[in-house]
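# Per-entry structural report
For reference, the chains in residue letters:
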Amino acid sequence: MLERFNIVGRLSADPDLILTTVDRAVNLARANSLWYLLMGLACCSIELMQTGGPRADIDRFGSLFRATPRQSDLMIVAGTVTLKMAPRLRRLYDQMAEPKYVIAMGSCANCGGPFDLSYSVLRGVDKIIPVDVYLPGCPPRPEALTEALMKVQEKIRNEKYFLKKEA
């Protein structure tokens, strides 16, 4: 029956075909089931909560909030990160499973915002963890966070995990 559809011939001719298909299927599943860690640190967390509410409803993208880093693969850092909170934020990031993604939400998370001259404010969360999507605004609207989530999904769909060829 396999010869009828010529699957065997295609697999022997191009072994990367099946890996590419598996790669796409894994990326599709990963992109449509992003579970995000709640990291509401300041006023942007109100907009983060609104995004999870019924009007913006990011549940339709397969995104659910998790209170533990071990079950999360997306961290949304919403608000001002102080120097006292920075090591704790890094510890939570390290506890997340691979692959992990980060959205820096709001001007305070991006560059310190209006508090950047303060001695106790970290001037950008990218100083301690790698950021995938920067979301500007003070505070950004739920629609903007939905668009940032779609950018992360697009990034995941375009990644290649299984096709790492050595030179």
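Cut-offs used in this document
- Residues numbered from 1 in each chain as written.
- Predicted model: local features only at pLDDT ≥ 70, side-chain atom pairs only at ≥ 80, totals over all residues.
- Heavy atoms only, no water.
- Helix = DSSP H or I, 4+ residues; strand = E, 2+ residues; numbered from the N terminus.
- Buried < 20%, exposed > 50% of the residue type's maximum accessible area, 1.4 Å probe, protein only.
- Contact = heavy atoms within 4.5 Å.
- Areas by Shrake-Rupley, 256 points an atom, 1.4 Å probe, with all protein chains shown as cover.
- Phe/Tyr/Trp six-rings, centres within 6.5 Å; stacked < 30°, edge-to-face > 60°.
- Lys NZ or Arg CZ within 6 Å of the ring centre and 35° of its normal.
- Lys, Arg positive; Asp, Glu negative; His and termini not counted.
- Salt bridge = Lys/Arg side-chain N within 4 Å of Asp/Glu carboxyl O.
- Arc of directions from axis to C-beta.
- Pairing = 2+ DSSP bridges.
- Right-handed = clockwise from strand over helix to strand, strands pointing away.

## A word on the overall build of the protein chain
Assigned secondary structure in the protein chain consists of 7 helices and 5 strands. Shown N-terminal to C-terminal, the secondary structure of the protein chain runs as helices and strands in the order α-α-α-β-α-β-β-α-β-α-β-α. The buried share of the protein chain, taken over its 167 residues, is 37%. A fraction of 79% describes how many contacts in the protein chain between residues 6 or more apart in sequence connect residues 24 or more apart. Working note: accessible area of the protein chain is about 9,800 Å², and carbon and sulfur atoms make up 59% of it.

## A few points about unusual backbone geometry
Note: most peptide bonds trans; most residues except glycine with negative phi. At the junction of E98 and P99, the peptide bond is cis and its omega measures out at -10° in the coordinates. Mapped onto the secondary structure, P99 falls in the loop between helix 5 (86-95) and strand 4 (101-105). The linkage connecting C138 with the following residue, P139, adopts the cis geometry, with an omega of -20°. Mapped onto the fold, P139 is located in the loop between strand 5 (133-135) and helix 7 (142-157). The backbone phi angle of D57 is positive, close to 50°, even though this residue is not glycine. Residue position: D57 is located in the loop between helix 4 (44-51) and strand 2 (64-66). Overall, the relative accessible area of 27% leaves D57 in the partly exposed class.

## Things to note about the packing of aromatic side chains
Taken as a whole and assessed by the stated rule, the structure comprises 0 aromatic pairs. Between the NZ or CZ atom of R66 and the centre of the ring of W35, over which it lies, the distance is 5.4 Å.

## Some points on the side chain of E47
As for its placement among the helices and strands, E47 is situated in helix 4. There is no salt bridge for the buried E47, and the closest opposite charge comes from R141, which lies 4.6 Å off by N-O distance. Apart from the residues lying within four places of it in its own chain, the contact partners of E47 are M105, P139, P140, R141 and P142.

## Some words on helix 4
Buried residues of helix 4: C44, S45, E47, L48 and T51, and no others. Relative to the axis of helix 4, the buried residues are bounded by an arc of 155° and lie together on one face. Set apart from the buried face of helix 4 by more than 90 degrees, the exposed residues are I46 and M49.

## Let's talk about the pairing of strand 3 (residues 74-78)
Burial analysis of strand 3 places 5 of its 5 residues in the buried class, the great majority of the element. Side chains of strand 3 alternate between two faces, with L74, I76 and A78 and M75 and V77 buried alike. In terms of strand pairing, strand 1 (residues 35-40) meets strand 3 through 5 bridges, oriented parallel. By the bridge assignment for strand 3, Y36 is matched with L74. What joins strand 3 to strand 4 is helix 5, and the crossover it makes is right-handed.

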